[in-house]
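Given next are the chains, with one letter for each unit.
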Amino acid sequence: MTPQPHVTLEQWRALVAVVDAGGYAQAAGALNKSQSAVTYAVQKLEAQLGVAAFSIEGRKATLTPTGALLYRRARALLDEASGAERAARAVSAGWEAQIRIAVEILFPTWLLLRCLDDFGEESPHTRIEVIESVLGGTGEALLGGQADLAITPHVPPGFAAEPLLRLRAIPVAHPAHPLHQLKRQLTVRDLAAHRHLVVRDSGSRRDARALSVEVERRWTVSNISTSIQAARMGFGFAWFPEEKIRDELAAGTLKALPLRDGAERYAEMYLIIADPDAAGPGTLRLAAILREAVTSECGKRQPGKKAAHDAEATDASDR
């Protein structure tokens, strides 16, 4: 028979809050409780377990080694409890009132919007929040619990992912750009003499690998649509996924640069359900619509199987 726990979730929550907030007073504010209630909860926990979680140094409470162990276990326990509550709510409430999806900007916007429209036909009352991100931003949204679903070239630790779409990115510029006027195969040295259009990593830890072409002249923007517009106006060159600029290529406002080496870069897009056990029917259905749409719309245009390099994948939005 499993022994009954003596420490309550509220006590574990108080311990975690003291550490995360930086003190008893701050934890009391975060939990909307009195400081004496938080102090009592932690002291009772210590007494029940026969350990000291904190040592008092001046006016500051510092974790003991035992306290650090309890803190890590408490965080995991609270996360599990929250997950169980979310799963129960999803089962009882039916389709979700809101679904948050984090999407790497490399993913074709036209395809995403079509999927959202198809989903809206089935669940018109479900609100959709789209978090558009670059490189590290999608992973941070998942790790921070800000997304129910994600499309990303990078899978954060602890998440299960499935391949969704393989994108090919090519270097392009306006047909009148000086690089096209050279009328020959280009080298990296040729590119270095011209302005490179780059999309900034939206994660808090900027990925330096995004700047793959060493140039003196560079414009860095936050949105890929701005980069595409700048390229269309002849202000520089960039790598873009073909699916992202198919209208511009067809209209002739952008033209592929005849780069001798490294003219193609590949990025594998992965589909991630943040918490498969707690995912509601709406999240699961939207994931299914995305799979179906990619197979239907992009399957016949997928590039041949080649080795995909992670560094090249991260470069595809600098692009």
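Small disclaimer: the values here were computed from a predicted structure and weren't measured. (Residues numbered from 1 in each chain as written. Predicted model: local features only at pLDDT ≥ 70, side-chain atom pairs only at ≥ 80, totals over all residues. Heavy atoms only, no water.)

Caption draft 1: Geometry of the overall build of the chain. What the chain contains, in helices and strands, is 12 helices and 11 strands. Sorting the 319 residues of the chain into buried and exposed places 43% on the buried side. Restricting the contact set of the chain to residue pairs at least 6 apart, pairs at least 24 apart contribute 75%. Put simply, the chain shows about 16,800 Å² of open surface, and 52% of that area lies on carbon and sulfur atoms. (Helix = DSSP H or I, 4+ residues; strand = E, 2+ residues; numbered from the N terminus. Buried < 20%, exposed > 50% of the residue type's maximum accessible area, 1.4 Å probe, protein only. Contact = heavy atoms within 4.5 Å. Areas by Shrake-Rupley, 256 points an atom, 1.4 Å probe, with all protein chains shown as cover.)

Caption draft 2: Seen up close, the packing of aromatic side chains. This model, assessed by the stated rule, comprises 4 aromatic pairs. Aromatic side chains Trp95 and Phe119 sit 5.8 Å apart centroid to centroid with 20° between the ring planes, which places their arrangement in the stacked category. A residue pair is termed long-range when its members are at least 10 positions apart, and Trp95 in the loop between helix H4 (65–93) and strand E3 (98–104) and Phe119 in helix H5 (residues 109–122) qualify at 24 residues. Take Trp95: its relative accessible area is 38%, and that puts it in the partly exposed class. Since its relative accessible area comes to 1%, Phe119 is described here as buried. Taking the centre distance of 5.6 Å and the plane angle of 55° together, the rings of Trp219 and Phe235 count as tilted. Here the residue Trp219 occupies a position in strand E8 (residues 218–221), and Phe235 occupies one in the loop between helix H9 (224–232) and strand E9 (238–241), the gap between them amounting to 16 residues. The ring centre of Trp110 lies 3.7 Å from the NZ or CZ of Arg246, which sits over that ring. Over the ring of Trp239 we find Arg265, and its NZ or CZ is 3.6 Å from the ring centre. (Phe/Tyr/Trp six-rings, centres within 6.5 Å; stacked < 30°, edge-to-face > 60°. Lys NZ or Arg CZ within 6 Å of the ring centre and 35° of its normal.)

Caption draft 3: Structural view of helix H2 (residues 24–31). Three or more residues of H2 are buried, namely Tyr24, Ala27 and Ala28. When H2 is viewed along its axis, its buried side chains cluster within an angular range of 105° and face the same direction. Across H2 from its buried face, at more than 90 degrees, point the exposed residues Gly29 and Ala30. In this structure, the buried side of H2 is in contact with helix H1 (9–21), helix H3 (35–49), strand E1 (54–57) and strand E2 (60–63). Of the residues trailing H2, Asn32 is marked for its positive phi of about 60°. (Arc of directions from axis to C-beta.)

Caption draft 4: Main features of the pattern of salt bridges. Across all of its chains, the model carries 13 salt bridges by this definition. The closest approach of N and O atoms between Arg75 and Asp20, which form a salt bridge, is 3.3 Å. Of this pair, Arg75 sits in helix H4 while Asp20 is found in helix H1, placing the two residues 55 residues apart along the sequence. Residue class for Asp20 comes out partly exposed when judged on its relative accessible area of 46%. One salt-bridge network, in which partners are shared between bridges, spans Glu10, Arg13 and Lys33. (Salt bridge = Lys/Arg side-chain N within 4 Å of Asp/Glu carboxyl O.)

Caption draft 5: Summary view of the nonpolar core. Core analysis: the largest hydrophobic core is formed by 27 residues, its most contacted members being Phe107, Leu149, Ile151, Met269 and Leu290. Among the elements of the structure, E3, H5, strand E5 (149–152), strand E6 (161–173), strand E11 (265–273) and helix H11 (281–298) are those that each provide at least two residues to this core. Beyond its immediate stretch of four places on either side in the chain, Leu290 contacts Ile101, Phe107, Cys115, Leu149, Ile151, Leu164 and Leu271. By size, the runner-up hydrophobic cluster in this structure holds 20 residues, among which are Val7, Leu15, Ala27 and Leu78. (Core = buried A, V, L, I, M, F, W, Y, C linked by side-chain atoms within 4.5 Å.)

Caption draft 6: Broad picture of H5. When the terminal C-alpha atoms of H5 are compared, their 20 Å separation across 14 residues agrees well with the 20 Å that a helix rising 1.5 Å per residue should span. Within H5 the residues assigned to the buried category are Trp110, Leu111, Leu112, Cys115, Leu116 and Phe119. (Expected span 1.5 Å × (residues − 1).)

Caption draft 7: Fine view of the side chain of Glu46. Within the element layout of this structure, Glu46 appears in helix H3. The side chain of Glu46 is buried and forms no salt bridge, while Lys44, the nearest opposite charge, is found at 13 Å. A distance of 3.3 Å separates a polar atom in the side chain of Glu46 from the backbone nitrogen of Phe54. In this structure Glu46 touches Val51, Ala52, Ala53 and Phe54, once residues within four positions along its chain are discounted. (Lys, Arg positive; Asp, Glu negative; His and termini not counted. Polar contact = N/O pair within 3.5 Å; in protein donor to acceptor, adjacent residues only side chain to side chain.)

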